Amino acid sequence: EKQGYEHFMLKEIHEQPTVARRFLSDRLKQEEVKMPELEEIWQEDFEKVMITACGTAYYSGQVGRHIIEELARLPVDVEIASELRYKQNFIDEDTLVIVVSQSGETADTLAALEVAQKKGAKILALTNTASSSIARQSDAVVDIMAGPEIAVASTKAYLAMLLGFYLLGLKLAELRGTLSQSELSDYRREILKLPDRIESTLHRTEPQCQKLAETIVDYDSIFFIGRNLDYSLALEGALKLKEISYIHAESYPAGELKHGTLALVEEGVPVFALMTRGKLARKTLSNVEEVKARGGRVIAVASSQLMEERAEDEFYELIKLPVSNELWAGVIAVIPLQLTAYYAAKELDCSIDKPRNLAKSVTVE
Ligand code: F6R
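Keep in mind that this is a model prediction, so the values were computed, not measured.

1. What to know about unusual backbone geometry
The backbone of D349 shows a phi angle near 60 degrees, a positive value even though the residue is not glycine. With respect to the helices, strands and loops of the structure, D349 is situated in the segment after helix 13 (330–347). At N357, a position not held by glycine, the phi torsion is positive, near 70 degrees. In this fold, N357 is placed in the segment after helix 13.

The following block contains the structure:
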């Protein structure tokens, strides 16, 4: 079952190049994105998008927000399903609601879907389980085809959700005419390179992450910072680490550090700094300096082209990511975060595939 891997989580991390190849070969050709499910429910008068989900699926939605806003120029809200179901909402017939769920059975997500449906919104499910309750109740279903995920901590499904959002973002841009044909084809071409880059990143960063994990497990708290898309990735990095290693981990938008969290940074505290976006990386680097000035250990997870002028010894550790279009770098950047979480949990002898108190499918409120 585990095919020689010690845990399902590690096996599933390693399945990610295959997952990406399978999903993209089904949906993306050099000439077009195939998303008939979206086209069927498409309305010219969609004015906004609401994404709702729980946990890791919610964090994929945070990435999805940036992708859709930038490519399709539609305002996007992302709400945690257990919050959305009990709050004032402004969902209406002109809202496209995207519900994200690996299992398709999460009780709060299903309830949020029903709230949106009552308001007359069109519902598109992004799910790994096409036969699930959420899929059945949605107007359109995009199957992310990650295959069965056994480890409680989601890895390959999260990656497939991001790919789902990339293609949804491109299709929405096409339908709304917000990108030129040549821009669309450049973006498509770059996405098609991702499976190879995911694979090379896995192999190249695994030994580095394993060594790094051994040095960070002694700390009580670990922070993850980034801006924009990189903040969305920071959220997932912190969740992965805390849920399986039980080390307290928190993510912050890098610009918020000095509004509170910096008080917790002292000698030796590990801080992961995500930097995949050109202009914003420079801003995050100034936050990195603030961390270093207080003795924090900065682990930079950054696109190699942004680090060309940086010396490795400027950071406690520098994890370089292969060149990629910066909108699509998320699926690459998440790999070292997953690996570090896995090896930290292994170092601490935790129950990796079944972390304490957590279940794979949360079918109660
Ligand atoms: C964390 C994790 C959970 C799930 C959440 C939603 O690694 O897996 O946070 O993402 O419980 O589950 P689904 O996607 O099945 O709705």
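2. Examining the nonpolar core
The biggest cluster of nonpolar side chains holds 100 residues, and the ones touching the most others in it are I98, Y166, F272 and W328. The contact partners of W328, leaving out residues within four places of it in the chain, are I67, L71, Y166, L170, Y187, E190, I191 and L194. Core analysis: the second largest hydrophobic core is formed by 20 residues, I225, V269, V271 and A302 among them.

3. Re the sheet that holds strand 3 (residues 95–101)
With parallel pairing, the five strands of this open sheet are ordered in space as 2-1-3-4-5. If you trace the sheet from one side to the other, it starts and ends with strand 2 (76–80) and strand 5 (140–143), each paired once. Each neighbouring strand pair of the sheet contributes to a mean axis angle of 20 degrees, computed without reference to strand direction. Pairing between strand 1 (residues 48–53) and strand 2: five bridges, direction parallel. Its bridge partner being in strand 2, A53 is matched across the sheet by I80. Each of strand 1, strand 3 and strand 4 (122–127) is contacted by helix 8 (residues 156–176), which is oriented at about 165 degrees to strand 3, the strand it contacts most.

4. Regarding the state of the cysteines
Inspection of the entire model under this criterion finds zero disulfides. For C209, which is in no disulfide, the shortest distance to another cysteine sulfur is to C350 and amounts to 17 Å.

5. Some remarks on the environment of L337
Secondary-structure assignment places L337 in helix 13. Counting along the chain gives 63 residues from L337 to L274, while the straight-line C-alpha distance between them is 9.9 Å.

6. Examining the pairing of strand 6 (residues 221–226)
The element strand 6 is largely enclosed, with a buried count of five among its six residues. With six bridges connecting them, strand 6 and strand 7 (residues 248–253) associate as parallel partners. Bridge assignment links F224 to a residue of strand 7, and that residue is S251. Traced from strand 6 through helix 11 (residues 229–245) to strand 7, the parallel crossover comes out right-handed. When strand 6 meets strand 8 (residues 270–275), the two strands line up parallel, connected through three bridges. Bridge pairing in strand 8 places F223 opposite V271.

Reading guide: rules and limits
- Residues numbered from 1 in each chain as written.
- Predicted model: local features only at pLDDT ≥ 70, side-chain atom pairs only at ≥ 80, totals over all residues.
- Heavy atoms only, no water.
- Helix = DSSP H or I, 4+ residues; strand = E, 2+ residues; numbered from the N terminus.
- Core = buried A, V, L, I, M, F, W, Y, C linked by side-chain atoms within 4.5 Å.
- Buried < 20%, exposed > 50% of the residue type's maximum accessible area, 1.4 Å probe, protein only.
- Contact = heavy atoms within 4.5 Å.
- Pairing = 2+ DSSP bridges.
- Axes fitted to C-alpha atoms, helices over the stretch in contact; angles between N-to-C directions.
- Disulfide = S-S within 2.5 Å.
- Right-handed = clockwise from strand over helix to strand, strands pointing away.

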